[in-house]
Amino acid sequence: MRSARTAAWGAVAALLLASTAAEAAEAPLPVRIRVLQGSRQGTPGVPPGLEDLRGQLSSTAYLRWEQAGEVQASMLPRKPVSVALPGGESVTVTLVESRSGAATFEVSAPASRTQSRVTVAPGKRIVQQVTAERGGSAWFVTIRAGG
Amino acid sequence: MNCAGAAPLLGSRPGELDPTEEAILSAHLSTCEPCRARQADLEALSRVVEDGLLGEAARRDFSAFADGVMERIPASAWRGAPAPGALGWVRDLFRRHRVLATASALVPALAALALYLYIGRTSGTGPLEFNVEVTSEDLAPMVLDTSDGPIILVGEASDGT
């Protein structure tokens, strides 16, 4: 009788833990997505709004950066968000999985027929080129989990 | 009191009679020679029996009985005497110093927990804390690792326009 009661309490605790974990996995994740244009020509520079990206952007061969758009969304797993590019094309960003220590995104860029699946820790940023370079410039999206 | 009344009181053990009975018996014995003789015989017999019993008890060996009693007492019941073996020593330690022994056992566990939490917290600051998979149909993707996150480059269009 005592062991049966203990087992019942254990099952209840396991269910509570499982439901809490599932709820955490399905919780909306604030995500900031920015659309950037990088150019090899022109005056080198990063606008003030992109200062937080300077470290990453300066690692590329593109000298001049401009922001062309921004989307802030509370993303749910497996719910894609479409981000428009100035040329009429678009990029689809999907949150695949969100855990306490990492978030996994899928970025689909039809313009470059490229797909990526990236797992990053909170606070880290993904910088992805989403169009092939044409005339010395290309379009990029940056994704940051946590807003 | 006559002799018939005094007879049951003769040979009584010290303290067996109440003060009234003692006074009555003493008054009768002071006047009755036969009862005094009977009282003296009984006292002599009592001494002989007492001496005999003590002598018989002294001749008996009770060491086996004492050893049997001691064997039935578990060693752990001896206050102050540690149980044999390492496990017995640990049990004895826990019995005597419960709080101290529990704290001693918790210290390494807490140290391990602190180390685990520390590693879990600091492991999120390295430059290679992400995983990237890129596929492209006609471009050659390249991934740059930086401390702020990954950079994925796909290069130039193949038509060059």
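Since this is a predicted model, take the numbers as computed values, not measurements.

**What about the confidence of the model for chain A?**
Chain-level pLDDT for chain A is 84 on average; 82% of the residues reach the 70-or-more range. No element of chain A has a lower mean pLDDT than helix α1 (residues 2-26) of chain A, which averages 54, and none a higher one than strand β1 (residues 29-39) of chain A, which averages 94.

**Observations regarding the interface of chain A and chain B**
Reports of interface size often rely on the accessible area that becomes lost once the parts have come together. Contacts between the two partners involve 24 residues from chain A and, on the opposite side, 26 residues from chain B. Elements represented by at least two residues in the side of chain A that touches chain B include exactly α2 (54-57), β6 (114-120) and β7 (125-129) of chain A. When the residues that make up the side of chain A that touches chain B are grouped by side-chain class, the tally is 6 nonpolar, 12 polar and 6 charged. Bridge count between β6 of chain A and strand β1 (residues 131-136) of chain B: 6 bridges; the pairing is antiparallel. Bridging across to β1 of chain B, R117 of chain A finds its partner in E133 of chain B.

**Focus: the environment of V130 of chain A**
Residues and elements named next belong to chain A. Mapping V130 onto the fold places it in the loop between β7 and β8 (137-145). V130 gets classed as buried once you count the C-beta atoms within 10 Å, which come to 26. The residues touching V130, leaving out its near neighbours within four places in the chain, are V91, A109, A111, S112, W139, F140 and V141.

**Some thoughts on the sheet that holds strand β3 (residues 81-84) of chain A**
Note on sheets: strands pair through backbone hydrogen bonds, and any given pair is parallel or antiparallel. Pairing within the open sheet is antiparallel, and its 5 strands lie in the order β3(A)-β4(A)-β5(A)-β6(A)-β1(B). Each of the sheet's edge strands pairs with one partner strand only, and the pair in question is β3 of chain A together with β1 of chain B. Taking each pair of neighbouring strands and ignoring which way they run, the sheet shows an average axis angle of 15 degrees. Inspection of the sheet shows β3 of chain A paired to strand β4 (residues 90-98) of chain A by 4 bridges, in the antiparallel sense. The partner of S82 of chain A across the bridge, within β4 of chain A, is T92 of chain A.

**What about unusual backbone geometry?**
Of note in the backbone geometry, R78 of chain A takes a positive phi value of approximately 65 degrees without being a glycine. Inspection of the secondary structure puts R78 of chain A in the loop between β2 (64-75) and β3.

**A word on the nonpolar core**
Note on soluble globular proteins: their nonpolar side chains tend to be buried together. Counting 36 residues, the largest nonpolar core has V91, V93, F105, F140, V141 and I143 of chain A as the members making the most contacts within it. Breaking this core down by element, the ones donating at least two residues are β1, β2, β4, β5 (103-109), β6, β7 and β8 of chain A together with β3 (149-153) of chain B. The element best represented in this core is β8 of chain A, accounting for 6 residues. If we ignore the near neighbours within four places in the chain, the residues touching V91 of chain A are V83, L85, V107, S108, A109, V130 and V141 of chain A.

**Re the pairing of β6 of chain A**
Walk down a regular strand and you will see the side chains alternate between the two sheet faces. Residue and element names in this part refer to chain A. Burial analysis of β6 places 5 of its 7 residues in the buried class, which makes it a mostly covered element. Pairing geometry for β5 and β6, over 7 bridges, is antiparallel. From the neighbouring strand, A103 faces β6, where its bridge partner is V120. Between β5 and β6, which pair antiparallel and follow one another directly, the connecting turn spans 4 residues, one of which, R113, has a positive phi of 50 degrees.

What counts and how
- Residues numbered from 1 in each chain as written.
- Chains lettered and ligands numbered in written order.
- Predicted model: local features only at pLDDT ≥ 70, side-chain atom pairs only at ≥ 80, totals over all residues.
- pLDDT = per-residue confidence, 0-100.
- Helix = DSSP H or I, 4+ residues; strand = E, 2+ residues; numbered from the N terminus.
- Contact = placed C-beta atoms within 7 Å.
- Nonpolar A, V, L, I, M, F, W, Y, C, P; charged D, E, K, R; others polar.
- Pairing = 2+ DSSP bridges.
- Buried ≥ 20, exposed ≤ 12 C-beta atoms within 10 Å, placed from the backbone.
- Axes fitted to C-alpha atoms, helices over the stretch in contact; angles between N-to-C directions.
- Core = buried A, V, L, I, M, F, W, Y, C linked by C-beta atoms within 7 Å.

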